[in-house]
Amino acid sequence: MVVLLNYRGADDTVRCLRSLHAMHVFPGRIIVVDNNSNDGSVDEIVDEWKCFSEDVAKCDKDSMMASSPSILIAMKDNDGYSSGNNAGIRMALQDVKCKAIWILNNDVEVDVFALDALCECLNAHPDSGMCGSTVVRFHNRKTVQCAGGY
């Protein structure tokens with residue numbers, strides 16, 4: 001499952017969502033948490049997301065639409081990055097099918113095979129608690145920004 005935090009970055013979030021929907025393997029569920037942007041981000045994300053995904057459900061942080069693989073949580077308060085991610089993580093963990101959570105910043109565009117590589121790594125090391133992605137610069141994809149969280 002993916003947890004994706006948005007704060008006043010609807011354009012970035014929509015680009016990230018498009019890349020997630022273009023992946024080789026769909027991540028099961030995408031949970032977007034809007035951290036009380038109050039700038040129209042929620043409506044913009046929902047409007048754009050519906051254009052390429054018919055499975056979007058809009059709900060508040062205390063409810064879960066189990067039938068929808070894509071959920072938008074509109075936080076009533078912005079208590080910071082960790083709090084927003086934790087709200088998404090708590091929702092993901094309510095799903096019995098959740099085996100792993102991929103936390104993404106909204107300003108990334110994922111490679112179509114990124115999830116395959118992460119799952120391969122986790123499956124090869126079942127005792128590990130986490131793994132990280134290789135991140136490359138957006139405007140120069142040959143330059144590695146960090147590898148596996150380092």
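About the criteria used
- Each chain has its residues counted from 1, following the order in which its sequence is written.
- Whole-chain, interface and lining totals are the exception, using all residues; otherwise, since this is a predicted model, local features are given only for residues with pLDDT of at least 70 and side-chain atom pairs are given and counted only at 80 or more.
- Only hydrogens and water are set aside; all other atoms, that is, all heavy atoms of the structure, feed into the side-chain values.
- Counting from the N terminus, the helices are DSSP H or I runs at least four residues long and the strands are E runs at least two residues long.
- Think of it in three bands: with a 1.4 Å probe and only protein chains considered, a residue is buried below 20% of the maximum accessible area for its type, exposed above 50%, and partly exposed in between.
- Working definition of accessibility: Shrake-Rupley area with a 1.4 Å probe, residue cover restricted to the visible protein chains.
- As used in this structure description, the phrase polar contact means that two N or O atoms lie within 3.5 Å; if the pair is within protein, one of them must be able to donate a hydrogen and the other to accept it, and residues adjacent in sequence are counted only when both atoms belong to side chains.
- The contact criterion used throughout is that any non-hydrogen atoms of two residues lie within 4.5 Å.
- Given the number of residues in a helix, its expected span is that number minus one, multiplied by 1.5 Å.
- Each patch is built from salt-bridge-free residues with over 30% relative accessible area, joining like charges within 9 Å and nonpolar side chains (Val, Leu, Ile, Met, Phe, Trp, Tyr) within 5 Å.
- Every case where a carboxyl oxygen of Asp or Glu lies within 4 Å of a side-chain nitrogen of Lys or Arg is listed as a salt bridge.
- None of His or the chain ends enter the tally, which takes Lys and Arg as positive and Asp and Glu as negative.
- Charge coordinates come from a single atom per side chain, which is NZ of Lys, CZ of Arg, CG of Asp or CD of Glu.
- The definition of a nonpolar core used throughout is a set of buried Ala, Val, Leu, Ile, Met, Phe, Trp, Tyr and Cys residues joined through side-chain atoms within 4.5 Å.
- Two strands are counted as paired when DSSP detects at least two bridges linking them.

Undergrad: Honestly, the overall build of the protein in this entry has me stumped. Any pointers?
TA: A count of helices and strands for the protein gives four helices and seven strands. In the protein, which comprises 150 residues, the proportion classed as buried is 37%. For the protein, the accessible surface area stands at approximately 8,900 Å², while carbon and sulfur atoms represent 50% of it.

Undergrad: Help me understand the side chain of Asn36, please; the structure alone is not making it clear to me.
TA: One can find Asn36 in the loop between β2 (30-34) and α2 (41-52). Looking at Asn36, its side chain comes within polar contact range of the side chain of Asn38, at 3.1 Å. Among all residues touching Asn36, those that are not within four sequence positions of it are Tyr7, Met75, Lys76, Asp77 and Asn78.

Undergrad: It is not clear to me how helix α3 (residues 81-93) should be interpreted in this structure. Could you clarify?
TA: Three- or four-residue spacings in an α-helix give side chains the same orientation, since the helix completes a turn every 3.6 residues. Here α3 is 13 residues long and its end C-alpha atoms lie 18 Å apart, about the 18 Å a rise of 1.5 Å per residue gives. For α3, every residue scored as buried is listed here: Gly84, Asn85, Ala87, Gly88, Ile89, Met91 and Ala92.

Undergrad: I'm lost on the side chain of Asn35 in this one. Help?
TA: Locating Asn35 in the fold gives a position in the loop between β2 and α2. Excluding its chain neighbours within four sequence positions, the residues that come into contact with Asn35 are Leu5, Asn6, Tyr7, Met75, Asp77, Asn78, Asp79, Gly80, Tyr81 and Gly84.

Undergrad: Explanation requested: a negative patch on the surface in the structure shown.
TA: A surface patch of like charges, here negative, comprises Asp11, Asp39, Glu44 and Asp47. Within the secondary structure layout, Glu44 lies in helix α2.

Undergrad: Could you clarify how one ought to interpret the nonpolar core in this entry?
TA: Nonpolar side chains in soluble globular proteins tend to end up buried together. Counting residues in each nonpolar core, the largest one holds 21 residues, and the members touching the most others are Leu17, Leu20, Trp102 and Leu104. Secondary-structure elements contributing two or more residues to this core are β1 (2-6), α1 (10-21), β2, α2, β5 (102-105) and α4 (114-124). Top element by residues in this core is α1. It accounts for five residues. Excluding its chain neighbours within four sequence positions, the residues that come into contact with Trp102 are Met1, Val2, Val3, Leu20, Met23, Val110, Ala114, Leu115, Leu118 and Ser133. In terms of nonpolar packing, the next biggest core, distinct from the first, is built from 11 residues, Val33, Ile73, Met75 and Cys98 among them.

Undergrad: How do you make sense of the pairing of strand β4 (residues 70-74) when you look at a structure like this?
TA: Successive side chains on a regular strand alternate, one facing one side of the sheet and the next facing the other. Within β4, four of the five residues are buried, leaving the element largely enclosed by the surrounding structure. Sheet topology places β2 next to β4; five bridges connect them, and they run parallel. Residue Val33 lies in a different strand from β4, and its bridge partner there is Ile73.

Undergrad: Hey, could you run me through the environment of Cys16 in this one?
TA: Among the secondary structure elements, Cys16 is positioned in helix α1. Given the relative accessible area of 0%, Cys16 is considered buried. Residues Cys16 and Asn105 lie 89 residues apart in sequence; the distance between their C-alpha atoms is 8.6 Å. Once residues within four sequence positions are removed from consideration, Cys16 is found in contact with Leu4, Leu104, Asn105, Asn106 and Val108.

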